[in-house]
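# Overview (structure and organization)
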Amino acid sequence: MQVANTKEHIANLILDLRKTNTSIGFVPTMGALHEGHLSLINKALQENEVVFVSIFVNPTQFENKKDLKNYPRTLNRDIELLKTVSKTRIFVYAPSVEDIYIKNVRSIRFNFDGLENEMEGEFRDGHFDGVGTIVKRLFEIITPDKAYFGEKDFQQLQIIRKLVEKNNLPVKIIGCKIHREPSGLAMSSRNERLSPEHKAASPFIYKTLQAAKKKFGTKSATKITAWVKKQFENNELLVLEYFIIADTDTLKPVKRKSHLKKYRAFIAVHAGEIRLIDNIALN
Ligand code: AMP
């Protein structure tokens, strides 16, 4: 399997692939790969001749220095895992911070028409500027035909769609379903840092989302939100940061339901030191 650490190496690989009109899929990741990432990569392999996977813990999207420092980095294990999927059709780009940012480790400021101010934007200052900066940069380096993003980070997916639309970027964005552990917990690189007791408690998050979905047919968003808050007040291990029912397109909290619109419930929870997010389609 080809592993490139520099954008020059990637440029050479892309040049060769384009000579033979090879279709290129792209899956950006921060590594510590798990089945959730592999589900995106497998989808990309079905729809493209080759797939580039980037592995880069992007400093500018971490508003919390401790989270950046503690983020798991397991490059050798990640490469071995990718080899079990395909040695010939997967290309890895694992750059250094300098290769991406040269000397200026800063974000560009973006306007995503307000999508960036909801939910994660409110709790993670500058996070989506960091995400926009790295994804735009990676699109310029890889020049993929299609790029794959998980609904696990649904707000991020909508923001990337906006980034592509506003900048006329020549790439098709594909959203992919959330991959879950058998317990229902959404897979995440952060899960491996959960203590055993927090891990055991965390399936409660998805159970609560499923219960909220059931209620959505008959109850108002305000009632459901109050009910969810109460469930977490009674939980000693999980601390609710937010639960929001929002319009899928604008990500604005729903005031009055309309049958013409699509809604999702979004949740962020602290399980000890680890912050977990999840979401569910409601209609
Ligand atoms: P990350 O490495 O956490 O930045 O994630 C890289 C990509 O994988 C993002 O598009 C995520 O939304 C996606 N992803 C992470 N976990 C999951 C999951 N459990 N199910 C589906 N996609 C996921």
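This report concerns the structure included in the present document. Note that the structure is predicted; figures quoted are calculated from it, not measured.

## A look at the sheet that holds strand E5 (residues 146-150)
Read from one edge to the other, the open sheet built from six strands follows the order E1-E4-E3-E2-E5-E6, with strand pairing classed as parallel. Strand pairing shows two members of the sheet lacking a second neighbour, strand E1 (2-4) and strand E6 (172-176), which therefore form its edges. This sheet shows a mean twist of 25 degrees between the axes of neighbouring strands, independent of strand direction. Against the sheet, helix H7 (residues 127-142) contacts strand E2 (24-29), strand E3 (50-55), strand E4 (90-93), E5 and E6, and its axis sits at roughly 150 degrees relative to E2. Set on the sheet, helix H8 (residues 154-167) makes contact with E5 and E6; between it and E6 the angle comes to about 170 degrees.

## Regarding the packing of H7 against H8
Running from amino to carboxyl end, H7 crosses H8 at an angle of 55 degrees, the nearest separation of the two axes being 10 Å. Accordingly, the angle class assigned to the pair H7 and H8 is oblique. When you trace H7 past H8, the crossing you get is right-handed. Across from Phe128, Val131, Gly132, Val135, Lys136 and Phe139 in H7, the residues of H8 making contact are Gln155, Gln156, Ile159, Ile160, Leu163, Val164 and Asn167. Taken together, the residues of the contact of H7 with H8 sort by class into eight nonpolar, four polar and one charged.

## What to know about the environment of serine 188
Mapped onto the fold, serine 188 is located in the loop between E6 and helix H9 (196-201). For the pair serine 188 and lysine 152, spaced 36 residues apart in sequence, the C-alpha separation works out to 8.8 Å. In this structure, serine 188 is in contact with His34 and Lys152, ignoring residues within four places of it in sequence.

## Here's the deal with the site of the ligand
The immediate surroundings of the ligand are formed by 17 residues, with Met30, His37, Asp153, His179 and Met187 found nearest. Histidine 179 is positioned such that a nitrogen or oxygen atom in its backbone is 2.8 Å from a nitrogen atom of the ligand. Listed by contribution, the elements that provide at least two residues to the shell around the ligand are E2, helix H2 (35-47) and E5. For the shell around the ligand, the element with the highest residue contribution is H2, accounting for three residues. Taken together, the residues that form the shell around the ligand break down as seven nonpolar, seven polar and three charged.

What counts as what
- Residues numbered from 1 in each chain as written.
- Predicted model: local features only at pLDDT ≥ 70, side-chain atom pairs only at ≥ 80, totals over all residues.
- Heavy atoms only, no water.
- Pairing = 2+ DSSP bridges.
- Helix = DSSP H or I, 4+ residues; strand = E, 2+ residues; numbered from the N terminus.
- Axes fitted to C-alpha atoms, helices over the stretch in contact; angles between N-to-C directions.
- Contact = heavy atoms within 4.5 Å.
- Parallel < 35°, antiparallel > 145°, perpendicular 65-115°, else oblique.
- Left-handed = near helix turned anticlockwise from the far one by under 90°.
- Nonpolar A, V, L, I, M, F, W, Y, C, P; charged D, E, K, R; others polar.
- Near = heavy atom within 4 Å.
- Polar contact = N/O pair within 3.5 Å; in protein donor to acceptor, adjacent residues only side chain to side chain.

None of this, on its own, says anything about what the molecule does.
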